[in-house]
Each structure stands twice: as structure tokens, then as C-alpha cells.
Amino acid sequence: MAAAIAARQLGMRVMVADRAQPPIDKACGEGLMPDSLEVLNCLGVSLQGCETGSFHGIRFVGPECSAAATFPQGRGLGIRRVLLHDVFVQHAEHCGVETMWGARVSAIRDQGVLVNGRKISCRWLVGADGQNSQVRDWAGLSAGSGSTQRIGLRQHFQIRPWSDYVEIYWGSHSQAYVTPVGRNEVCVALISRQKFKSFDDALGEFPELAAHLQGARSTTRPRGAMSISRKLKQVCCGNVALIGEASGSVDAITGEGLAMAFRQALALGPALAAGDLSSYAAAHSQINSLPEFMSRSMLLMDRSRWLRSRSLRAFSRQPQIFGRMLAVHVGELRPRDFGASGLLNLGWQLLVA
Ligand SMILES: Cc1cc2nc3c(=O)[nH]c(=O)nc-3n(C[C@H](O)[C@H](O)[C@H](O)COP(=O)(O)OP(=O)(O)OC[C@H]3O[C@@H](n4cnc5c(N)ncnc54)[C@H](O)[C@@H]3O)c2cc1C
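Residues numbered from 1 in each chain as written. Predicted model: local features only at pLDDT ≥ 70, side-chain atom pairs only at ≥ 80, totals over all residues. Heavy atoms only, no water.

## Side note on the site of the ligand
In the vicinity of the ligand there are 30 residues, among which D18, G29, Y177, E245 and L258 approach most closely. V105 is positioned such that a nitrogen or oxygen atom in its backbone is 2.9 Å from a nitrogen atom of the ligand. Between an oxygen atom of the ligand and a main-chain N or O atom of G257, the distance comes to 3.4 Å. Here the ligand loses 88% of its free accessible area of 1000 Å² to cover by the protein chains. Contributing elements (two or more residues each) for the shell around the ligand: β1 (15-18), β17 (223-232) and α7 (257-274). For the shell around the ligand, the class distribution of residues is 13 nonpolar, eight polar and nine charged. (Near = heavy atom within 4 Å. Polar contact = N/O pair within 3.5 Å; in protein donor to acceptor, adjacent residues only side chain to side chain. Areas by Shrake-Rupley, 256 points an atom, 1.4 Å probe, with all protein chains shown as cover. Helix = DSSP H or I, 4+ residues; strand = E, 2+ residues; numbered from the N terminus. Nonpolar A, V, L, I, M, F, W, Y, C, P; charged D, E, K, R; others polar.)

Dropping the structure here:
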């Protein structure tokens, strides 16, 4: 939807075909960092008047200690996926994007695609078909590196958010994160290397979180999705461009998936309008590089108990280090400004923590 809006803003005729019916739901932590809200502005998407939750930073909670950091500027928003999709659909249709729902794309045919068995011609094809993208396979763009898979599960609970942060609870095999998505609702997402027996069983690894949720009514059923970290060699060829998770993805724990897709959309629009996808390929690689680095770092913390407990203690003792890392994460501080002294300080804290 973001790519469609970005292309339509530049005067192109755009059609979106999705096999699902709106509003489309998906297992997601439903958090939008402050920087992704700026990108939404550029797309003309407004969340004003929607039921949302708001947070001003991230809090890591470990078995022995916790650490919190606030965003240098602005606040993040939590919003139910169905609501976000609804806002996108309304805005896209208002901009003049043509939408087809229950419309399965089943093949690429010369200068077009088959949608529900009928050929639709197009100058460009944007594969925004998620983790298991078929457009990616058909276009021969599936080659890539390092695919790490984890399992995600999310459920909503009716409870007044108890924290002004998105809270990330670190367990030995998994993480749970809590995003406020309304005045009286939170979204809890669990991500693990191991299969969950059930949502309640998985919560057992996080007694502090389980205590918060004690007695809270669940407002949705648990919904699962794979969280895959994948980097592709190429994201476009010929008249096909990939975007969003179809074009590679980072681990869900980064909370960056949506923001990356929105930024990619802003880069793709002008590339399509100019008739040259090379600028998109370059921008895509730049957009993804920091979230990919963050994803690798978080996955290291997930896998190594030593690193996890040292990092949490270091962040707890020196919250300004955590604050600067969060500033890098949301694009308020350039990685090079974190600097050698920041890295040395972090290394030292890890050794002494
Ligand atoms: C547990 C979990 C927690 C997450 N938490 C966050 C978070 O807090 N913040 C964040 O920013 N990101 C988060 N993410 C990542 C985020 O959900 C994804 O980055 C985002 O949903 C990717 O969007 P997409 O449009 O690329 O793919 P999708 O949302 O999967 O959309 C793909 C669409 O393509 C359609 N489709 C597929 N095949 C076809 C076909 N053949 N024909 C027609 N239509 C087709 C599908 O119906 C679907 O609507 C999380 C992910 C997981 C798994």
C-alpha cells in the first residue's frame, strides 16, 4: 500500500492486487518508532483520530535487572494492524489507487501478471507479497544470504498500559515485547527459536510480565508468523521490484519491519517514475543496512546468555550508552557519531558488568 501511494503521488496509474480481504491482519508487535511516523507523514498517511498507544522509549527487562532509554525526539505509536491497514487503504483509494481484494496473483506473463486467472498488463510489477514472496521466485531474485528463522506469536489484552515504554523482556530462549496499542489495550508479541506449546505456556518464562497480565481479558486469539532475517543479492531486475519483507527482512525484535518498508516505498516511487530502478536498489541497500546490523546484534544477545546478561547489566549501570544506541536505532545519531569512544565504553562496561 505504501509503494502504491508513493507511485500514485508521482502521477502513475497504480493497481494493488491482494489475495486477502481488508482490513488485513498479521502477527506483529504493532510498534511504530518515531522515525517511521515521519515517513508516514511524507506518504500523507495520518493516524490522527485513530485509537493508538504511545511510548517514549524502550525498556529492556532481564531476570536480574532492567534498563530504559528514551527517544531523543518524538514518541512512538502502537496501532492495531487492522486499523493501520484500514487507514492505508482509505488513503490509497483517496489518492486514486485502484484496489482488488481476494485477488490472487499466480504468475508473471509477458508485460503483465495473472490475477485470479486473468491477465493484467503493467509497465512495472512491485512484489510486496511478504516473506514467502512468489514474485521473488518468479523474477529469479531469491538468491541471498543468511536466513535466520524464529517463531512469532502475538495476542492482545484489555488492560491499561502500565508503562510509557515498549518493554522487551529477555528470556533464555525467547523475548516478549509489549506495545501499548490503545488507552486500554496492549499487544504482546513473543519471539522464539523454539516452538511454543501455547501462548500461556510461553508467558511462563516471563513471570514479571505474566504478573502484569494476570486477570486481563484477551481481546484477540494468538496469531503466529515466522520472523525471518534474510538479505537478498538483488531486489530488482527488468520491470520487477521487490519491497517490504519480499525484498529481505530483519528479525522482528528490531521493530523496524514497517519503517523499512515505508522508507523503501519513498525511494521506489521516484525510481519508477524515472523509469530506472538502479536508484531504488542503492537506496534499498542503504535503508536496510542499519536495521540489519541491529538485528544481528539483538540475535547475538538472544543466543549468548553471557552477552545478554552483560549487556543488560551494562545498560542498567550506564543508561546513557543504551540511550545513544537507541538514538542510532531511530536514525537520530549517525553510527559513526556513536564513535570509537562509545564502542570502547560499551566494551569496557561489558567486561566489568
Ligand atoms: C511476531 C512479529 C512481530 C513484529 N513486530 C513488528 C513491530 O513491532 N514493528 C514493525 O515495524 N514490524 C514488526 N514486524 C515486522 C512486520 O510485521 C513486517 O515487516 C511487515 O508486516 C511486512 O509487510 P509486508 O507488506 O512486506 O508483508 P505482509 O504484511 O506479509 O503482506 C504481504 C501481503 O501480500 C499478500 N499476498 C501474498 N501472496 C500473494 C499473492 N500470490 N497474490 C496476492 N496477494 C498476495 C498477502 O495477502 C499480504 O497481504 C513483526 C513481525 C513479526 C513476525
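## Thoughts on the side chain of S36
Looking at the element boundaries, S36 is found in helix α2 (residues 34-42). A distance of 2.6 Å separates the side chain of S36 from the backbone oxygen of M33, its partner in a polar contact. Excluding residues that lie within four positions of it along the chain, S36 makes contacts with A259 and F262. (Contact = heavy atoms within 4.5 Å.)

## Section: the packing of α7 against helix α8 (residues 278-303)
Interaxial distance between α7 and α8 falls to 9 Å at its minimum, and their mutual angle equals 165°. On the basis of the axis angle, α7 is roughly antiparallel to α8. Crossing geometry of α7 relative to α8 is assigned as right-handed. Touching M260, R263, Q264, A267, L268 and A271 of α7 are S279, Y280, A283, H284, I287, N288 and P291, all from α8. (Axes fitted to C-alpha atoms, helices over the stretch in contact; angles between N-to-C directions. Parallel < 35°, antiparallel > 145°, perpendicular 65-115°, else oblique. Left-handed = near helix turned anticlockwise from the far one by under 90°.)

## Thoughts on α7
Here α7 is 18 residues long and its end C-alpha atoms lie 26 Å apart, about the 26 Å a rise of 1.5 Å per residue gives. Every buried residue belonging to α7 is among L258, A259, M260, A261, F262, Q264, A265, A267, L268, G269, A271 and L272, and all of these are buried. Directly beyond the C-terminal end of α7, a positive phi value near 75° is found at G275. (Expected span 1.5 Å × (residues − 1). Buried < 20%, exposed > 50% of the residue type's maximum accessible area, 1.4 Å probe, protein only.)

## Some points on the packing of aromatic side chains
Scanning the model with the defined rule gives seven aromatic pairs in all. Geometrically, the ring pair formed by F60 and F315 is tilted, given 6.1 Å between the ring centres and 50° between the ring planes. Taken together, the positions of F60 in strand β4 (residues 57-61) and F315 in helix α9 (residues 305-317) put the pair 255 residues apart, joining distant regions of the chain. Judged by its relative accessible area of 4%, F60 falls in the buried class. (Phe/Tyr/Trp six-rings, centres within 6.5 Å; stacked < 30°, edge-to-face > 60°.)

## Quick notes on the pattern of salt bridges
Counted under the stated rule, the structure contains 14 salt bridges. In this structure, R75 engages D164 in a salt bridge whose closest nitrogen and oxygen atoms are separated by 2.7 Å. Taken together, the positions of R75 in the loop between β5 (66-70) and β6 (76-78) and D164 in the loop between β12 (144-158) and β13 (166-170) put the pair 89 residues apart, joining distant regions of the chain. Taking the shortest distance from any N to any O, the salt bridge between R80 and E185 comes out at 3.2 Å. Of this pair, R80 sits in the loop between β6 and α3 (81-95) while E185 sits in strand β15 (residues 185-192), and the two are 105 residues apart along the sequence. Here the two residues R80 and E185 agree in accessibility, since each one is buried. Residues joined by salt bridges that share partners form a network here, namely R150, R193, D251 and D302. (Salt bridge = Lys/Arg side-chain N within 4 Å of Asp/Glu carboxyl O.)

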